[in-house]
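# Structural overview
If you want the building blocks of each chain, they are given just below.
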Amino acid sequence: MEILASTLELFNSSTLTILVISLITLGAIILRTSKPHAKLSATIPSPVALPIIGHLHLLGRLPHQSLHRIALRHGPLIRVRLGGIDYLALNSPSTVKSFLKNNELAFSNRPSSTTILRLTYNGSDMSFTPYSPHWVFMRKLTMTQLLGGKTIDKLHFIRKEEVKRLLRIFYDKSRKGEKVNMSKELINLASSIISRMSVGRQWAGKDDELVELKKVVNELEEVMGMFDLRDHVWVFKQFGKLGFDFQGIDSKAVEVKRWYDRMVERILREKEVERQKLSGNEDGGEGMAPKGILDLLMDVYDDENAEKKLTRENLKSYILNVLAAATSTTAITIEWALAEVMNHPSVLKKLLTELDTVVGKDRLIDESDLPRLPYLHAVIKETLRLHCPVPIIARISSEDCTIDGHFVPAGTRILVNSWAVCRDPESWKNPLEFDPERFSGDDNMNEIDYKGQHFQLLPFGSGRRMCPGVSLAQLVIKGGFAALVQCFDWPSDENSVDMTEGPGITLTRAATLVLTPKPRLNKLLSTM
Ligand code: HEM
């Protein structure tokens with residue numbers, strides 16, 4: 001997911017090879033690194049750093065786990081130097097609260113880089129643009145209109161159709177005895193829902209275009225997530241100035257940006273033609289589909305009297321934000337939830353009892369049923385706790401602060417390790433256990449939500465930059481997951497599914513879930 005572009009990305013073997021070779025070749029000149037933040041409090045614990053690379057060697061393929069391990073030895077607030085840049089890693093709820101609540105405004109920006117600027121049309125987007133009047137305007141527009149309750153409700157039909165389409169695919173495969181690659185199908189589900197909701201109705205049914213859009217967004221995410229050594233290690237920075245691009249980031253970024261731009265321009269032009277034809281007709285008029293996110297955004301773009309004039313780059317980068325932020329996060333959450341209930345037969349049984357009692361077996365679960373499904377909410381909340389889809393959130397400070405006695409100068413980068421926070425043993429009993437019951441006991445744990453004020457549960461972040469897609473995400477995740485659980489029999493046996501995490505800026509599963517679906521509600525499925 002793009003918002004973590006400036007976060008640590010995994011060190012694959014080729015990156016490490018480049019690093020080692022370059023260090024050897026340049027041995028004579030490398031004894032100089034960028035100056036660390038001179039004033040960052042030296043009292044913040046930090047492991048021993050190596051010259052040039054700092055603590056890069058301590059971060060494995062899963063940086064959130066590496067930081068968690070370091071924090072267990074040095075304390076929840078640690079200073080890590082990645083190349084020549086100091087970061088503070090926050091690993092406990094109280095530390096995160098000190099930064100994101102007590103100093104919220106100071107940490108309302110995200111770190112950027114040349115690649116991010118290139119891909120976000122020079123920061124014209126919402127996710128990376130600095131905290132500014134433009135961001136305030138876009139955020140307000142997002143919360144009141146683009147991702148507001150009314151828009152989400154009106155586009156309910158898209159989520160419903162796409163879930164039914166997924167169920168039909170599963171049902172067909174089950175009748176042919178074919179296996180289903182869950183990761184792939186769930187990404188397809190999320191991608192189709194988000195693409196249709198964002199770029200509009202004329203895309204429905206044009207599968208080839210949706211597939212291309214999915215591919216380009218995936219590539220964009222990948223480039224944005226690459227850890228650019230030029231931004232962190234002095235030697236690489238110097239080579240970068242001479243035009244060297246050892247990791248191939250620039251060429252990939254240019255290529256994928258061109259690809260995205262071509263696609264999004266095509267979408268915009270089609271939309272403009274369509275809007276001209278329909279001009280004068282209001283949303284919801286006879287025979288008209290409700291407006292999607294791009295349509296609403298273009299209303300503002302076309303409005304001469306709008307509070308703020310949007311540029312074409314604003315439109316293109318906003319759509320990119322939504323597509324990138326919403327797709328893999330929602331898909332992997334459904335996948336983790338399925339894996340967890342397969343590993344916990346008693347949870348699956350209880351969930352089915354709730355679904356059968358509230359919804360029955362003759363109709364498909366609908367979003368309107370959600371308020372009456374508390375156990376479903378507990379299962380998803382517990383999934384988001386244990387498998388926090390965005391394990392690390394990166395921010396940067398815009399002013400000097402003193403936090404818990406430590407001086408933190410402007411420009412300090414922080415890494416909020418939400419994954420570690422959600423497993424904090426002081427906040428959670430048996431933190432590593434998947435136990436949705438923890439949210440239904442008498443100890444008020446059910447009051448803990450993920451709206452950003454309970455710092456032990458931060459899957460969507462906190463403060464003014466927290467995720468604006470929480471409501472939509474919940475509908476996509478709960479609607480899709482509950483339909484799959486209701487309609488198919490999932491093989492369930494204690495600890496039968498491998499829960500190892502895979503690399504990525506979102507928390508993927510290492511092992512793909514591949515299954516032959518077995519219908520549970522045959523009659524219902526056959527009528528879909
Ligand atoms: C399970 C699903 C999702 C998870 C776990 C998730 C998580 C996050 C997190 C952790 C952040 C950073 C928050 C911070 O800095 O405090 C974020 C930001 C963001 N998310 Fe989500 N997200 C999800 C789904 C969505 C959806 C469905 C959308 C939109 C359709 C969305 C749009 C965004 C945007 C635009 C930002 C940047 C906000 C800003 O900088 O102002 N996300 N998300």
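Positions within a chain are numbered from 1, following the residues in the order the chain's sequence is written. Owing to the predicted nature of the model, reporting of local features is limited to residues with pLDDT of at least 70; listing and counting of side-chain atom pairs is limited to 80 or more, with chain, interface and lining totals taken over all residues. Only hydrogens and water are set aside; all other atoms, that is, all heavy atoms of the structure, feed into the side-chain values.

An unreviewed UniProt entry annotates the protein chain as Cytochrome P450 of Rhynchospora tenuis. UniProt positions are given in the numbering used here, feature names are shortened, and annotations may be inferred rather than shown by experiment. Under the UniProt heading Cofactor (unreviewed entry), the note attached to the protein chain is "heme". The Subcellular location (unreviewed entry) comment attached to the protein chain in UniProt states, word for word, "Membrane".

## As for the packing of aromatic side chains
Pairing of aromatic rings covers Phe, Tyr and Trp, the last through its six-membered ring, and needs centres within 6.5 Å; plane angles under 30 degrees mean stacked, over 60 mean edge-to-face, and all others mean tilted. One pass over the full model with this rule turns up 10 aromatic pairs. Taking the centre distance of 5.3 Å and the plane angle of 65° together, the rings of Phe99 and Phe107 count as edge-to-face. Note on classification: 1.4 Å probe, protein chains only; a residue is buried when its accessible area is under 20% of the maximum for its type, exposed when over 50%, partly exposed between these limits. The class of Phe99 is buried, set by a relative accessible area of 1%. Judged by its relative accessible area of 0%, Phe107 falls in the buried class. Pairing Tyr131 with Trp135 gives two aromatic rings, centres 5.2 Å apart and planes at 50°, and the pair type is tilted. Overall, Trp135 belongs to the buried group, its relative accessible area being 4%. Over the face of the ring belonging to Tyr301 we find Lys309, whose NZ or CZ atom lies 5.7 Å from the ring centre. The ring of Phe439 is capped by Lys381, whose NZ or CZ atom sits 4.7 Å from the centre of that ring. We count a charge as sitting over a ring when the NZ of a lysine or the CZ of an arginine lies within 6 Å of the ring centre and within 35 degrees of the ring normal.

## As for the coordination of the iron atom of the ligand
Only nitrogen, oxygen and sulfur atoms qualify as donors, provided they sit within 2.8 Å of the metal or within 3.2 Å for Na, K and Ca; with water excluded from the atoms, sites may seem incomplete. You will see that the iron atom of the ligand has only one donor from the protein, Cys467 (SG), lying 2.3 Å away. Here a strand is any run of E in DSSP of at least two residues, a helix any run of H or I of at least four, and the numbering for each starts at the N terminus. By the element assignment, Cys467 lies in the loop between helix 17 (418-421) and helix 18 (470-487).

## Observations regarding the packing of helix 15 (residues 345-358) against helix 16 (residues 374-386)
Interhelical geometry of helix 15 versus helix 16 gives an angle of 145° and a closest axis separation of 8 Å. Contacts between helix 15 and helix 16 involve Val347, Lys350, Leu351 and Glu354 from the former and Pro374, Tyr375, Leu376 and Val379 from the latter. Its residues placed into classes, the contact of helix 15 with helix 16 shows 6 nonpolar, no polar and 2 charged. For helices, the fitted line uses only the C-alpha atoms of the stretch in contact; every axis is such a line through C-alpha atoms, and the angle between N-to-C directions lies from 0 to 180 degrees. By definition, residues are in contact when any of their heavy atoms lie within 4.5 Å. Following the grouping adopted for this structure description, the nonpolar residues are Ala, Val, Leu, Ile, Met, Phe, Trp, Tyr, Cys and Pro, the charged ones are Asp, Glu, Lys and Arg, and the polar ones are all others, Gly among them.

## Regarding the nonpolar core
Among soluble globular proteins, nonpolar side chains are generally buried collectively. If you look at the biggest cluster of nonpolar residues, it comprises 112 residues, and the most contacted ones within it are Leu338, Phe481 and Trp490. Per-element accounting of this core gives the leading share, 15 residues, to helix 14 (residues 312-343). If we ignore the near neighbours within four places in the chain, the residues touching Trp490 are Phe170, Met182, Leu338, Met342, Leu348, Leu484, Val485 and Leu515. Throughout this description, the term nonpolar core refers to a set of buried Ala, Val, Leu, Ile, Met, Phe, Trp, Tyr and Cys residues connected via side-chain atoms within 4.5 Å. Counting residues in hydrophobic clusters, the runner-up holds 23 residues, among them Ile53, Ile85, Tyr87 and Phe239.

## Side note on the site of the ligand
If even one non-hydrogen atom of a residue comes within 4 Å of a molecule or strand, that residue is called near it. As a matter of local geometry, the ligand sits amid 29 residues, with Arg110, Trp135, Arg395, Arg465 and Cys467 nearest to it. Counted as a polar contact is a pair of N or O atoms within 3.5 Å, where, for protein atoms, one must be capable of donating a hydrogen and the other of accepting one, and residues adjacent in sequence contribute only when both atoms are in side chains. In this structure, an oxygen atom belonging to the ligand sits 2.8 Å away from a side-chain N or O atom of Arg110. Taken together, the elements giving at least two residues each to the shell around the ligand come down to helix 5 (133-146), helix 14, strand 4 (392-396) and helix 18. Top contributing element to the shell around the ligand by residue count: helix 14, with 5 residues. Grouping the constituent residues of the shell around the ligand by class yields 19 nonpolar, 6 polar and 4 charged.

## A word on unusual backbone geometry
Working note: non-glycine residues mostly have negative phi, and peptide bonds are mostly trans. With a phi close to 45°, Asp404 is a non-glycine residue in the positive phi region. Inspection of the secondary structure puts Asp404 in the loop between strand 5 (401-403) and strand 6 (406-408). A positive phi angle, near 40°, is found at Asn430, a position not held by glycine. Judged by its relative accessible area of 44%, Asn430 is partly exposed.

## Things to note about helix 2 (residues 63-74)
Along an α-helix, a turn takes 3.6 residues, which lines up residues three or four apart on a common side. For helix 2, spanning 12 residues, the distance from its first C-alpha to its last is 16 Å, which sits close to the expected 16 Å at 1.5 Å a residue. Within helix 2 the residues assigned to the buried category are Pro63, His64, Ser66, Leu67, His68, Ile70 and Ala71. Looking at the buried positions of helix 2, the neighbouring elements they touch are strand 1 (77-82), strand 2 (85-90), strand 4, strand 7 (413-417) and helix 17. Once helix 2 ends, the next one or two residues include Gly75, with phi positive near 110°. Given a helix with a known number of residues, its expected span is that number minus one, times 1.5 Å.

## Let's talk about the pairing of strand 4
Counting buried positions over the 5 residues of strand 4 gives 5, a clear majority of the element. Should DSSP find at least two bridges between two strands, the strands are taken to pair. Across 5 bridges, strand 4 lies against strand 7 in antiparallel orientation. Residue pairing for strand 7: Arg395 is matched across the bridge by Ile414.

## Details of a nonpolar patch on the surface
Residues enter patches when their relative accessible area tops 30% and they take part in no salt bridge; the joining distance is 9 Å for like charges and 5 Å for the nonpolar side chains Val, Leu, Ile, Met, Phe, Trp and Tyr. Per-residue and other accessible areas follow the Shrake-Rupley method at a 1.4 Å probe size, with only the shown protein chains counted as cover for residues. Definition used for salt bridges: Asp or Glu carboxyl oxygen within 4 Å of a side-chain nitrogen of Lys or Arg. Taken together, the side chains of Leu105, Tyr131 and Val136 present a nonpolar region at the surface, about 230 Å² in accessible area. If you trace the backbone, Leu105 turns up in the loop between helix 3 (93-100) and helix 4 (114-119). Accessibility expressed as a relative area gives 41% for Leu105, which makes it partly exposed.

## Examining the UniProt feature "transmembrane region" (unreviewed entry) in the protein chain
The UniProt feature table records "transmembrane region" (unreviewed entry) at residues 12-31 and 318-339. The span residues 318-339 shows a helical share of 100% and a strand share of 0%, and its end C-alpha atoms are spaced 33 Å apart.

## Focus on the UniProt feature "binding site: heme" (unreviewed entry) in the protein chain
As annotated in UniProt, the feature "binding site: heme" (unreviewed entry) corresponds to Cys467 in the numbering used here. Relative accessible area serves as the criterion here: at 28%, Cys467 is assigned to the partly exposed category. Setting aside its immediate chain neighbours within four residues, Cys467 contacts Arg139 and Phe460.

## Topic: the pattern of salt bridges
Applying the stated criterion across every chain yields a total of 35 salt bridges. For Arg312, the salt bridge identified is with Glu265, shortest N-O distance 3.0 Å. Within this pair, whereas Arg312 is found in helix 14, its partner Glu265 is found in helix 12 (residues 249-278), the two being separated by 47 residues in sequence. For the pair shown, Arg312 and Glu265 are each scored as buried. In the salt-bridge network here, residues are joined through shared partners; they are Lys271, Glu274, Arg275, Lys291, Asp295, Asp299 and Asp302.

## Section: the side chain of His64
Within the secondary structure, His64 is located in helix 2. A distance of 2.8 Å separates the side chain of His64 from the side chain of Glu501, its partner in a polar contact. Apart from residues no more than four positions distant in its own chain, His64 is found in contact with Pro391, Ile392, Asn417, Trp419, Glu501 and Leu507.

## Comments concerning the packing of helix 7 (residues 156-176) against helix 18
Where helix 7 contacts helix 18, the two axes come as close as 10 Å, and the packing angle between them is 30°. Judged by the inter-axis angle, helix 7 sits roughly parallel to helix 18. The crossing of helix 7 and helix 18 is right-handed. Here Arg159, Val163, Leu166, Leu167 and Phe170 of helix 7 come into contact with helix 18, specifically with Leu472, Leu475, Val476, Gly480, Ala483, Leu484 and Cys487. Partitioned by chemical class, the residues of the contact of helix 7 with helix 18 number 10 nonpolar, 1 polar and 1 charged. Angle categories are assigned with fixed cut-offs, so that under 35 degrees is roughly parallel, over 145 is roughly antiparallel, 65 to 115 is roughly perpendicular, and the rest are oblique. The hand of a helix crossing depends on one turn: near helix anticlockwise from the far one by less than a right angle means left-handed, and clockwise means right-handed.

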